[in-house]
Structure formats: C-alpha cells, structure tokens
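# Tertiary structure, described
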Amino acid sequence: MAAAPVGLPDGWRQAHMGHWLNQALQKFDARVLALMARNEDVPLALSNLAARGRLSASHIHITRHLAQGGARLTELAQRASMTKQAMGKLVDQCEAWGLVGRVPDAHDARARRIVFTPVGLSWLQAYRQAVAQAQAELRTAVGTDVATVLALGLEAYAA
C-alpha cells in the first residue's frame, strides 16, 4: 500500500457540502425524533421507544418513504435507497411495534404490501407535526431568507 503524500491538507474532508448536509440531516432527524417522543398523540409505547433512542433515523425511512396507500417491500427499499434485506428488517421491527402491517396485494396474489396501521397513521401525523416544527426551528436559527435559499437550492440539486 502506498503511503499518503506528505503535506496534503486534511481539513477538507470535514469542510465540504456533503459533510455539512450529512451533519444537518442527522441533527434534523434527531430533533424530529425528540419532538415525536414528547408528542401526546404518539402511542405511549412508541413514544417511550423514541425517548430511549430505540427508534433511529433509519426507522424514519419507513415514515418518510411509505406511501399512504402502501407499497411492496422492493418499492419501499428503492425509495429509501436501501437494500431489500435492510428494509425488510426495518419493516419487521415496525410491524412488531404496530406501525405497519403486511396485507395481500390486490394486483398480485403472491405479493404483500406494507401499509400503515391506525397506530402508524397516528405516528405519521406526529411525524408531520415534528417536521413542521423542526423546519420552523431551522428557519429561526438561520433566518427566513437563508432557509428559503437553502430549501430551493437543495430541491434544485436533488432534482
């Protein structure tokens, strides 16, 4: 293995846009989970899981990417940019917690669809409220103009 050239600057690895986007997403998701842990509309068992750190940003992938009408596991994994196996484990956990269920697919008798349960729909509503509050906090922290430019820039970049 070749040695790294001497004198290469090193700080760039923690001072680029990708790094700051990752840090911001982690902070945003952590704030959303903290708000959900204190939301009275979230079922107590789920609130306790969130408060104890048992729910993570990876569980937010299901909340963020599962269509209200449901989806097949492969569709859900693709939307979340995850492997089918990793998403399957998350779905298994969320199913055990009562957030989602598996139902027969109306178009293919061999397939199953993942759908929100009534508890999962309450969770989804709490997620919506938490995201709105976290976005408002971000606007307060950086200012409305910066937040607007940031949102427009990220939307354009991601498209």
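Residues numbered from 1 in each chain as written. Predicted model: local features only at pLDDT ≥ 70, side-chain atom pairs only at ≥ 80, totals over all residues. Heavy atoms only, no water.

## Here we look at the pattern of salt bridges
One pass over the structure, following the stated rule, counts 8 salt bridges. Residue Arg102 pairs with Asp92 through a salt bridge whose shortest N-O separation is 2.9 Å. Pair noted here: Arg102 is in strand β1 (residues 100-105) and Asp92 is in helix α5 (residues 84-96), with a separation of 10 residues, a long-range link. Residue classification places Arg102 among the partly exposed positions, given a relative accessible area of 26%. A relative accessible area of 41% means that Asp92 is categorised as partly exposed. In this structure, the salt-bridge partner of Arg102 is Glu95, at a minimum N-O distance of 2.4 Å. Judged by its relative accessible area of 32%, Glu95 falls in the partly exposed class. Linked through salt bridges whose partners overlap, the residues forming this network are Arg72, Asp105, Asp108, Arg110 and Arg113. (Salt bridge = Lys/Arg side-chain N within 4 Å of Asp/Glu carboxyl O. Helix = DSSP H or I, 4+ residues; strand = E, 2+ residues; numbered from the N terminus. Buried < 20%, exposed > 50% of the residue type's maximum accessible area, 1.4 Å probe, protein only.)

## Points about a nonpolar patch on the surface
Residues Met17, Leu21, Leu138, Val142, Val146, Leu150 and Leu154 make up a contiguous nonpolar surface patch of about 580 Å² in total accessible area. Broken down by secondary-structure element, the contributors of at least two residues to the nonpolar patch are α1 (17-37), α6 (118-142) and α7 (144-158). For the nonpolar patch, the element with the highest residue contribution is α7, accounting for 3 residues. Along the chain, Val142 turns up in helix α6. Overall, Val142 belongs to the partly exposed group, its relative accessible area being 39%. (Patch = residues over 30% accessible without salt bridge, like charges linked within 9 Å, V, L, I, M, F, W, Y side chains within 5 Å. Areas by Shrake-Rupley, 256 points an atom, 1.4 Å probe, with all protein chains shown as cover.)

## Let's talk about the packing of α1 against α6
At a minimum axis distance of 9 Å, the contact between α1 and α6 shows a crossing angle of 125°. Here α1 lies oblique to α6, going by the angle between them. Considering only the axes of α1 and α6, their crossing is right-handed. Only Trp123, Ala126, Tyr127, Ala130, Val131, Gln133, Ala134, Gln135 and Glu137 of α6 make contact with α1, whose side of the interface consists of Phe28, Arg31, Val32, Leu35 and Met36. (Axes fitted to C-alpha atoms, helices over the stretch in contact; angles between N-to-C directions. Parallel < 35°, antiparallel > 145°, perpendicular 65-115°, else oblique. Left-handed = near helix turned anticlockwise from the far one by under 90°. Contact = heavy atoms within 4.5 Å.)

## Concerning the environment of Ala109
Mapped onto the elements, Ala109 comes out in strand β2 (residues 108-116). For the pair formed by Ala109 and Gln68, sequence separation is 41 residues and the distance between their alpha carbons is 20 Å.

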